[in-house]
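Descriptive analysis of the structure
If you want the building blocks of each chain, they are given just below.
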Amino acid sequence: QAKAAGRNAVRFFDPEMQAVATANAALASDLRQAWRDNHLKIEYQPQVGMDGGMTGVEALLRWEHPVRGTVQPDEFIPTAEETSLIIPIGHWVLEAACAQLAAWAKRPDRAHLSIAVNVSVRQFRHPDFIDDVMSCIRRSGIPPDRLKLELTESLLASNIDAAVAKMRNLKDMGVRLSVDDFGIGYSSLSYLKRLPIDELKIDRGFVKDILTDTNDAAIAATIIGLCRSLGLEVIAEGVETDEQRAYLARQGCHRYQGYLFCRPLPLEQLEAFMQRLPGGGGTVTPEPSSVA
Ligand code: C2E
Ligand code: MG
Ligand code: MG
Ligand code: MG
């Protein structure tokens, strides 16, 4: 009798739940193998000013699966978090970003570029996180303000004071902080002024229908206005058309990221892309028509 066996037992023998659990376990062991076999790769997506000058890139994980092809991070980051694999993987992304920044720091035409690294909640909460960031910066010898860490609002869900204290530590090192996917979280706006952050990223979900959905347009415009009055940088993600870019520019958005300018690319292709930019990517070239 299911009732007599208790709730947990009922759940355990639910065939659907069982199937999900089995699939999760398979994904976890696959991911562990991929990590050991160096099948995780990093792509870089340019971030660009509304004036057309590239300001940096965001590092984005890819899983080059021998059978399935490229697996996108939304499919494996949750598993990486559940299994704690995100700790070594996240550390590796941070190391790679700092190494790339060190290489760019030696080139006058690349030294202005920043790299944004996504930090998962689990990674941020790890007691060694601050020391890890500090030692990465020291060993690579990079100017700390070239490294940007993208945090999410979910990080503030539990102990906000502890989170803010950690963010202060990072700011004291000179690292820049960005709040990713802004607008989809549950937090109130009032906490914003307490946060030692440099930038907000408008979630792609609001940008997508910005020209047709008046609510999305209003939300994006409000976030931009808020950033400008709080003295924060604001960047929009997922900009695919010039009309979206023009709307955001008119509202006063500082920068954007999206397929309109460039997709995420492996490093060599990114270098080739930058080489084709005006001035070989080394100069900021204003587009007089971009700000309406
Ligand atoms: P995110 O940080 O919000 O990254 C932006 C996502 O938007 C990326 O998806 C990017 O490829 C995509 N994107 C950029 N421009 C456009 C566009 O114009 N149109 C559309 N449709 N999409 C665009 P991606 O690479 O699949 O990454 C998904 C998420 O996985 C990221 O969202 C981030 O939360 C997470 N992620 C990626 N790399 C890492 C990492 O190294 N560590 C952690 N913790 N999370 C990561
Ligand atoms: Mg991000
Ligand atoms: Mg985002
Ligand atoms: Mg997003």
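Right, let's walk through the structure included here.

What counts, and where the lines are drawn
- Residues numbered from 1 in each chain as written.
- Chains lettered and ligands numbered in written order.
- Predicted model: local features only at pLDDT ≥ 70, side-chain atom pairs only at ≥ 80, totals over all residues.
- Heavy atoms only, no water.
- Near = heavy atom within 4 Å.
- Polar contact = N/O pair within 3.5 Å; in protein donor to acceptor, adjacent residues only side chain to side chain.
- Areas by Shrake-Rupley, 256 points an atom, 1.4 Å probe, with all protein chains shown as cover.
- 1 Å grid on protein atoms, 1.4 Å probe; cavity = no way out; pocket = protein on both sides within 12 Å on 5 of 7 lines; lining within 4 Å.
- Sits in = over half its atoms within 2 Å of the grid points.
- Helix = DSSP H or I, 4+ residues; strand = E, 2+ residues; numbered from the N terminus.
- Donors = N, O, S within 2.8 Å, 3.2 Å for Na, K, Ca; no water.
- Buried < 20%, exposed > 50% of the residue type's maximum accessible area, 1.4 Å probe, protein only.
- Points joined across faces, edges and corners; volume = space filled by probe spheres on them.
- Nonpolar A, V, L, I, M, F, W, Y, C, P; charged D, E, K, R; others polar.
- Axes fitted to C-alpha atoms, helices over the stretch in contact; angles between N-to-C directions.
- Parallel < 35°, antiparallel > 145°, perpendicular 65-115°, else oblique.
- Left-handed = near helix turned anticlockwise from the far one by under 90°.
- Contact = heavy atoms within 4.5 Å.
- Phe/Tyr/Trp six-rings, centres within 6.5 Å; stacked < 30°, edge-to-face > 60°.
- Lys NZ or Arg CZ within 6 Å of the ring centre and 35° of its normal.
- Salt bridge = Lys/Arg side-chain N within 4 Å of Asp/Glu carboxyl O.

1. Quick word on the site of ligand 1
Around ligand 1 sit 24 residues, and of these Arg62, Asp180, Arg204, Glu240 and Tyr259 come closest. Side-chain polar atom of Arg204 to an oxygen atom of ligand 1: 2.6 Å apart, as the coordinates give it. Contact between ligand 1 and Tyr259: an oxygen atom at 2.8 Å from a main-chain N or O atom of the residue. Out of a free accessible area of 800 Å², ligand 1 has 88% covered by protein chains. Its atoms largely coinciding with the cavity grid, ligand 1 occupies the largest pocket. Counting residues per element, the ones that place at least two in the shell around ligand 1 are strand S2 (54-65), helix H4 (73-82), helix H5 (86-105) and strand S6 (176-182). Tallying contributions element by element places S2 first for the shell around ligand 1, with four residues.

2. A look at the coordination of the magnesium ion (ligand 3)
In ideal tetrahedral geometry, four donors around a metal make angles of 109.5 degrees, whereas ideal octahedral geometry with six donors gives angles of 90 or 180 degrees. Looking at the metal site, the magnesium ion (ligand 3) is ligated by Asp180 (OD), Asp181 (OD), Glu237 (OE) and Glu237 (OE), spaced 2.0 to 2.7 Å from it. The metal-metal distance between the magnesium ion (ligand 3) and the magnesium ion (ligand 2) comes to 3.9 Å, with Asp180 coordinating both. One end of the pair, Asp181, is in strand S6; the other, Glu237, is in strand S8 (residues 233-237), and 56 residues separate them in sequence. Looking at Asp181, the relative accessible area reads 22%, which means it is partly exposed.

3. Structural notes on the coordination of the magnesium ion (ligand 2)
Distances from the magnesium ion (ligand 2) to its protein donors, namely Glu58 (OE), Asn118 (OD1), Glu150 (OE) and Asp180 (OD), fall within the range 2.0 to 2.2 Å. Within one chain, the residues donating to the magnesium ion (ligand 2) are spaced in sequence as E-x59-N-x31-E-x29-D. Glu58 sits in the buried class, given a relative accessible area of 4%.

4. Here's the deal with empty space enclosed by the protein
Tallied over the full model, the rule gives one cavity of 30 Å³ or more. Of the voids in this model, the largest cavity is the one considered here, and its volume is about 40 Å³. Contributing to the lining of the largest cavity are Leu151, Thr152, Glu153, Leu155, Leu156, Met167, Val179 and Leu195. Among the residues making up the lining of the largest cavity, the classes are represented as six nonpolar, one polar and one charged.

5. What to know about the packing of helix H10 (residues 214-230) against helix H11 (residues 242-251)
The geometry of H10 relative to H11 is characterised by a closest axis approach of 9 Å and an angle of 40° between their N-to-C directions. Between H10 and H11, the angle falls in the class oblique. Seen along the crossing, H10 lies across H11 with a hand that is right-handed. Where H10 approaches H11, its residues Ala217, Ala221, Ile224 and Arg228 are matched on the opposing element by Tyr247, Leu248 and Gln251. Tallied by class, residues from the contact of H10 with H11 come to five nonpolar, one polar and one charged.

6. Let's talk about the environment of Val175
The topology assignment puts Val175 in the loop between helix H8 (160-173) and S6. Since its relative accessible area comes to 0%, Val175 is described here as buried. What Val175 contacts, discounting residues up to four positions off in sequence, is Val133, Ile137, Pro144, Leu147, Leu149, Leu170 and Asp198.

7. A short note on the packing of aromatic side chains
The tally for this structure, following the rule as stated, stands at four aromatic pairs. Summarising the aromatic geometry, the rings of Phe124 and Phe129 are spaced 6.0 Å apart at their centres and angled 50° between planes, so their arrangement reads as tilted. Accessibility classification places Phe124 together with Phe129 in one group, the buried group. Plain terms: the ring middles of Phe261 and Phe273 are 5.3 Å apart, the flat faces sit at 80° to each other, and that makes the pair edge-to-face. On the criterion of sequence distance, the pair formed by Phe261 in the loop between strand S9 (255-257) and helix H12 (267-276) and Phe273 in helix H12 is long-range, its members being twelve residues apart. According to the relative accessible area criterion, Phe261 is buried, its value standing at 18%. Note on Phe273: relative accessible area 13%, which makes it buried. Over the ring of Phe124 we find Lys166, and its NZ or CZ is 5.6 Å from the ring centre. Looking at Arg263, its charged tip hangs above the ring of Tyr259, at a distance of 3.9 Å from the centre.

8. Here's the deal with the pattern of salt bridges
The full count for this structure, using the stated rule, is 17 salt bridges. Arg107 is the salt-bridge partner of Glu271, the closest N and O atoms lying 3.7 Å from each other. In this pair, Glu271 sits in helix H12 while Arg107 sits in the loop between H5 and strand S4 (114-118), placing the two residues 164 residues apart along the sequence. Note that Arg194 and Asp161 form a salt bridge whose closest N and O atoms lie 2.8 Å from each other. Note that Arg194 is positioned in the loop between S6 and strand S7 (199-202) and Asp161 in helix H8, a separation of 33 residues in sequence. Here Arg194 falls in the partly exposed class, since its relative accessible area comes to 39%. One network of salt bridges, with partners in common, ties together Arg107, Asp109, Arg110 and Glu271.

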